[in-house]
Each structure stands twice: as C-alpha cells, then as structure tokens.
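As a plain string of letters, each chain reads:
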Amino acid sequence: MAKLALINREAKRRKTVAKFAARRKALLEVINSSQSSEDAKADARAALQQLPRDASPVRLRNRCALTGRPRGYFRKFGLARNKLREIAMRGEIPGLTKASW
C-alpha cells in the first residue's frame, strides 16, 4: 500500500489539473496559433509559466484505485497487477479468465 500522503498528493494534482484545464487550453491555442502576433504569444507564454506546476497534466501518475501502487497499472481496470490478479481469481471481473494453453 502506498503512503497516504502520496495518494492524497495525486488526488490534489488531479483537482488542480481539472481546475486550470480551460485556462491552459486557451493559452496553448494562442501560443500555437499561426495568426497570433509575437507579442500575444510572449504574453501567453508568460501567463502559462505563472500557472502552478501541478496544473500540467504531464505531472499526473496513474495509481491503483485500491492500493495506490504506481507501477504495474492496468488502465482498463484502474488496478495494479497484484490486485487485478486477486480479483480476477475470485471471478469478480466479468469476462476475464486466467490464460491456460
């Protein structure tokens, strides 16, 4: 189980990303637009740098919903490999079976 502080930090980052998503999108459109003037692009870059670091979606880390484990994460299920295996062996995930050949 991951430390509770790490799990809480990740949740806080997700809220921050959601909060600033529209503002970041608008600034990036100005920066990437070929019709924007150089002054407008410079102002948009400066405004983008003033946003909090945690507002960037690149800083997010996928974690297991049950344990908070950051590695071995399966996006389709939202679980780490350990918990996915345990739950699958109990037959709680419809359509998921252990491979055998």
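Here, every reference points to the structure presented above.
Residues numbered from 1 in each chain as written. Predicted model: local features only at pLDDT ≥ 70, side-chain atom pairs only at ≥ 80, totals over all residues. Heavy atoms only, no water.

Asker: Explain the overall build of the chain here, please?
Answerer: Looking only at helices and strands, one finds three helices and two strands in the chain. Starting at the N terminus, the α and β elements of the chain follow one another as α-α-β-β-α. Dimensions along the principal axes, computed over C-alpha positions, put the chain at roughly 60 × 35 × 15 Å. The centroid of the 25 positive side-chain charges in the chain is displaced by 11 Å from the centroid of its 8 negative side-chain charges. (Helix = DSSP H or I, 4+ residues; strand = E, 2+ residues; numbered from the N terminus. Lys, Arg positive; Asp, Glu negative; His and termini not counted. Charge placed at Lys NZ, Arg CZ, Asp CG, Glu CD.)

Asker: How should I be thinking about the pattern of salt bridges in this particular structure?
Answerer: Pairs can form between side chains of opposite charge whenever their charged atoms are close. A full pass over the atoms with the stated rule returns five salt bridges. Residues E86 and K83 are paired through a salt bridge, measuring 3.2 Å at the closest nitrogen-oxygen approach. Residue E86 and its partner K83 are both found in helix α3 (residues 81-89); the two are separated by three residues, about one turn of the helix. When its relative accessible area of 39% is taken as the criterion, E86 is described as partly exposed. Several salt bridges share partner residues, and in doing so they unite R13, D54 and R59 into one network. (Salt bridge = Lys/Arg side-chain N within 4 Å of Asp/Glu carboxyl O. Buried < 20%, exposed > 50% of the residue type's maximum accessible area, 1.4 Å probe, protein only.)

Asker: Can you walk me through helix α1 (residues 4-32) in this structure?
Answerer: For an α-helix, 3.6 residues make a turn, and residues three or four places apart therefore share a direction. With 29 residues, α1 extends 39 Å between its outermost C-alpha atoms, agreeing within 8% with the 42 Å of an ideal straight helix rising 1.5 Å per residue. Roughly 50° is the biggest bend found in α1, and it falls at A21. Among all positions in α1, only E10, R13, T16, V17, F20, R24, L27 and I31 are buried. Turning to α1, the residues buried within the fold contact α2 (38-50). (Expected span 1.5 Å × (residues − 1). Bend = angle between axes of the 7 residues up to and from the residue. Contact = heavy atoms within 4.5 Å.)

Asker: Whenever I open this one, the layout of surface pockets confuses me. Can you help?
Answerer: Where empty space is left can be seen by rolling a probe of water-molecule size over the atoms. Considering only enclosed or pocket space, the largest pocket measures out at about 220 Å³ in volume. Here the lining of the largest pocket is composed, by residue class, of six nonpolar, one polar and two charged. (1 Å grid on protein atoms, 1.4 Å probe; cavity = no way out; pocket = protein on both sides within 12 Å on 5 of 7 lines; lining within 4 Å. Points joined across faces, edges and corners; volume = space filled by probe spheres on them. Nonpolar A, V, L, I, M, F, W, Y, C, P; charged D, E, K, R; others polar.)

Asker: Help me out: how do you make sense of the environment of F77 in this one?
Answerer: Structurally, F77 can be placed in the loop between β1 (73-74) and β2 (79-80). On the accessibility criterion, F77 (30% relative accessible area) is partly exposed. Along the sequence, F77 and I93 sit 16 residues apart, while their C-alpha atoms lie 9.2 Å from each other. In this structure F77 touches L84, I93 and L96, once residues within four positions along its chain are discounted.

Asker: I'm lost on the nonpolar core in this one. Help?
Answerer: One recurring pattern in soluble globular proteins: nonpolar side chains tend to sit buried together. Of all hydrophobic cores here, the largest spans seven residues; its members are F20, L27, I31, A44, L48, L51 and A55. Put simply, the parts of the chain that give this core at least two residues each are α1 and α2. When residues in this core are grouped by element, the largest group, three residues, is from α1. Contacts of L48, omitting those with residues within four sequence positions, involve R24, L27, L28 and I31. (Core = buried A, V, L, I, M, F, W, Y, C linked by side-chain atoms within 4.5 Å.)

Asker: Looking at this structure, I do not really get the side chain of S36. What am I missing?
Answerer: Assignment of secondary structure puts S36 in the loop between α1 and α2. Within the structure, S36 has its side chain in polar contact with the backbone oxygen of V30 (distance 3.0 Å). (Polar contact = N/O pair within 3.5 Å; in protein donor to acceptor, adjacent residues only side chain to side chain.)

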